Amino acid sequence: TFAAAPGLLVWRSFVEDPVSLFPRAWKLADAVSELAAASPQSSVSPQHNLRNQREEYVSVVLPDAGRSLNCEHFKSYGEGHELTYFRGNRNLPSLVLPVVEWLEGRPARP
């Protein structure tokens, strides 16, 4: 833990193959961006954490390892970065499921 940031922990080696994780994550992000760009319809986010800003997203269905994931993609959130929400553990991309399983197996911290 870090004294300046209580609750912040560093767990080394929690990803089995970190070398392939990031390229796979970028591939996933690119696929969501492409699907969102092809969608003619966007929605205004009724709840977000930025005051006085209108944030728009596109609902996307992303194929992933034999299943379909529902997500919301903001192509320009806040000051312009992309943001994609995958809601619920059953709706997480397959590339992060081993990390979720690892975290679920860890003891809870007070």
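All figures in this text were calculated on a predicted structure; none of them were measured in a lab. Each chain has its residues counted from 1, running along the sequence as written. Only residues with pLDDT of at least 70 get local features here, since the model is predicted, and only at 80 or more are side-chain atom pairs given and counted; chain-wide, interface and lining totals rely on the full set of residues. Side-chain numbers come from the whole structure's heavy atoms, not from hydrogens or water.

**Overview of the pairing of strand β2 (residues 56-64)**
Filter applied, for reference: In this scheme, strands are said to pair when DSSP sees at least two bridges between them. The helix and strand labels rest on DSSP assignments: H or I over at least four residues marks a helix, E over at least two residues marks a strand, and numbering proceeds from the N terminus.
Of the strand pairs in this sheet, β2 and strand β3 (residues 67-77) are connected by seven bridges, and their pairing is antiparallel. Looking at β3, one finds that V61 is bridged to N70. The antiparallel pairing of β2 with β3 creates a hairpin that spans two residues between the two strands, and A65 there sits at a positive phi of about 50 degrees.

**Considerations on the nonpolar core**
The criterion, for reference: In these notes, a set of buried Ala, Val, Leu, Ile, Met, Phe, Trp, Tyr and Cys residues joined through side-chain atoms within 4.5 Å is what counts as a nonpolar core. Exposure is judged per residue with a 1.4 Å probe applied to protein chains only, and the accessible area is read against the type maximum: over 50% gives exposed, under 20% gives buried, and values in between give partly exposed. Only heavy atoms matter for contacts: two residues are in contact if any of them lie within 4.5 Å across the pair.
Counting 15 residues, the largest nonpolar core has L28, V32, V60, L62, C71 and F86 as its most contacted members. Elements that contribute at least two residues to this core include exactly α1 (18-38), β2, β3 and α2 (97-104). When residues in this core are grouped by element, the largest group, four residues, is from α1. If we skip the residues at most four places from it in the chain, L62 touches L28, A31, V32, L35, R67, S68, L69 and F86.

**Topic: α1**
In plain terms, the rule: By definition here, a helix of n residues has an expected span of 1.5 Å times n minus one. Working definition: the arc comes from the directions between the helix axis and the C-beta atoms, pointing outward to the latter.
End to end, α1 covers 31 Å across 21 residues, agreeing with the expected 30 Å (1.5 Å per residue, within 8%). Within the span of α1, buried status applies to L21, L28, V32, S33 and A36. In an axial view of α1, the angular spread of the buried residues amounts to 135 degrees, which keeps them on one side of the axis. Exposed positions of α1 whose direction lies more than 90 degrees from the buried face are V19, W26, K27, E34, A37 and A38. If you follow the buried residues of α1, they end up packed against β2, β3 and β4 (81-86).

**Comments concerning the pattern of salt bridges**
Cut-off, in case you're wondering: For salt bridges, the criterion is a side-chain nitrogen of Lys or Arg within 4 Å of an Asp or Glu carboxyl oxygen.
Taken as a whole and assessed by the stated rule, the structure comprises two salt bridges. Between D64 and R67 there is a salt bridge, with the nearest N and O atoms lying 3.3 Å from each other. Across the salt bridge formed by E72 and R87, the nearest N and O atoms sit 2.8 Å from each other. Of the two residues, E72 sits in strand β3 while R87 sits in the loop between β4 and α2, which places them 15 residues apart along the sequence.

**Remarks on the side chain of E72**
Note the cut-off: Two N or O atoms count as a polar contact when they lie within 3.5 Å, although within protein this holds only if one can serve as hydrogen donor and the other as acceptor, and sequence-adjacent residues are included solely when both atoms are side-chain atoms.
Look at E72 and you get buried, because its relative accessible area is 17%. A polar side-chain atom of E72 sits 2.8 Å from a polar atom in the side chain of R87. In this structure E72 touches Y57, V58, S59, L83, T84, Y85 and R87, once residues within four positions along its chain are discounted.

**A few points about the confidence of the model for the protein**
Applied cut-off: Scored between 0 and 100, pLDDT is the confidence that the predictor attaches to each residue.
When pLDDT is averaged along the protein, the result is 82, and 90% of the positions lie at 70 or above. Across the protein, the element-wise mean pLDDT spans from 68 in strand β1 (residues 43-44) up to 90 in α1.

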